[in-house]
Amino acid sequence: MIFITGTDTGVGKTHFSCLLIRQLRSEGVSTVGFKPICCGDRDDAILLAKASDDALTINDCNPVWMRFPAAPYTSSIIEERQIDLGQIRMEWASLRGRFPAMVVEGVGGWQVPIQRNYSTADLARELGLPVLIVAANRLGVLNHTLLTLQAVQATGLACAGIVLNNGINRVDPNDAASVTNRSILEDLLHGTTARVLGEIEADQTVLPKDLFDKIRPLFP
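A separate point is the pairing of strand S8 (residues 131-136). Across the six residues of S8, six count as buried, placing the element largely inside the fold. The pairing of strand S1 (residues 2-6) with S8 spans four bridges and is parallel. Each bridged residue has a counterpart across the sheet, and for Gly6 the counterpart in S8 is Val134. In this sheet, strand S9 (residues 159-165) lies alongside S8 in parallel orientation, the contact comprising six bridges. Pairing of Ala136 across the sheet is with Asn165, part of S9. The parallel pair S8 and S9 is bridged by helix H7 (residues 141-154), and the resulting crossover is right-handed.

The following block contains the structure:
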């Protein structure tokens, strides 16, 4: 079991989650994706359900769907209906009883508000899973990753690691930031419990073996 968060929205959480689910299933681990909340379209949940070999209905995979494309709390104000945390908890309990392995994808970044006094961080803490951070490899990722890591650790949850996504802005060999981000992060995290697990690309269909091998022990 693992909770996937990102340094921002649109950094590749779903792409990574789908790669991980497919690879686990290819090894015979009955794994499904869970996207508690979608805002706007349901594309992320559809991709997660497909990666799970349609073992779930779209409503099982994504119990709360807000139509307005914004943070959940913003969407709830505009749509005049509160995010149903009870529905999320009920579906989570049901799926845990049916599947030995789950990849849970958060909505947006770590501190995105779900209700006025309840955020993605609160949901992750309630589920109690190790947290993996997906970060877009571009200028600014050092700050975004370190702030997200600090916030994750402040909740008392274990950070399972950091994955850099090169597929948002394809890494230009002349772009010093993108080329050096991984080594700088590794240097800054040296001596801590957090680590950079690896990198992914936009056109990958499987995770790199060294990256997958570091995540595999989190699952049965």
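Turning to the sheet that holds strand S10 (residues 196-200), a few remarks are in order. With parallel pairing, the six strands of this open sheet are ordered in space as S2-S5-S1-S8-S9-S10. Two strands close off the open sheet at either side, each with one partner strand: strand S2 (31-34) and S10. Shown here is a sheet whose adjacent strand axes are inclined to one another by a mean of 25°, direction ignored. Pairing geometry for S2 and strand S5 (residues 101-109), over four bridges, is parallel. Across the sheet, Gly33 pairs through a bridge with Val103, a residue of S5. Its contacts with the sheet place helix H8 (residues 176-189) against S9 and S10, and it is angled at close to 170° to S10.

Of all nine residues making up S5, nine are buried, and the element is well covered by its neighbours. The pairing of S1 with S5 spans four bridges and is parallel. What sits directly across from Gly6, in S5, is Gly109.

A few words on helix H2 (residues 43-51). When we look at burial in H2, the residues that qualify are Ala45, Leu48, Ala49 and Ala51. The buried residues of H2 occupy an angular sector of 160° when the element is viewed end-on, so they sit on one face. At the C-terminal side of H2, Asp53 shows a positive phi close to 60°.

Right, let's get into the packing of helix H1 (residues 13-26) against H2. One way to put it is that H1 packs onto H2 with a least axis distance of 9 Å and a crossing angle of 10°. One finds that H1 runs roughly parallel with respect to H2. When you trace H1 past H2, the crossing you get is right-handed. Taken together, the residues of H2 that come into contact with H1 (itself represented by Thr14, Ser17, Cys18, Ile21, Arg22 and Arg25) are Asp44, Leu47, Leu48 and Ala51. Of the residues assigned to the contact of H1 with H2, the class counts are five nonpolar, two polar and three charged.

So, about the side chain of Thr155. Tracing the backbone through its elements, the reader meets Thr155 in the loop between H7 and S9. A distance of 3.3 Å separates a polar atom in the side chain of Thr155 from the backbone nitrogen of Leu157.

Per the counting criterion, the structure on display carries two aromatic pairs. Ring centres 6.2 Å apart and planes at 25° place the aromatic pair Phe34 and Trp92 in the stacked group. Taken together, the residues span a long stretch of sequence, with Phe34 in strand S2 and Trp92 in helix H5 (residues 85-98) at a distance of 58 residues. Among the residues examined, Phe34 registers a relative accessible area of 0% and is labelled buried.

About the criteria used
- Residues numbered from 1 in each chain as written.
- Predicted model: local features only at pLDDT ≥ 70, side-chain atom pairs only at ≥ 80, totals over all residues.
- Heavy atoms only, no water.
- Buried < 20%, exposed > 50% of the residue type's maximum accessible area, 1.4 Å probe, protein only.
- Helix = DSSP H or I, 4+ residues; strand = E, 2+ residues; numbered from the N terminus.
- Pairing = 2+ DSSP bridges.
- Right-handed = clockwise from strand over helix to strand, strands pointing away.
- Axes fitted to C-alpha atoms, helices over the stretch in contact; angles between N-to-C directions.
- Contact = heavy atoms within 4.5 Å.
- Arc of directions from axis to C-beta.
- Parallel < 35°, antiparallel > 145°, perpendicular 65-115°, else oblique.
- Left-handed = near helix turned anticlockwise from the far one by under 90°.
- Nonpolar A, V, L, I, M, F, W, Y, C, P; charged D, E, K, R; others polar.
- Polar contact = N/O pair within 3.5 Å; in protein donor to acceptor, adjacent residues only side chain to side chain.
- Phe/Tyr/Trp six-rings, centres within 6.5 Å; stacked < 30°, edge-to-face > 60°.

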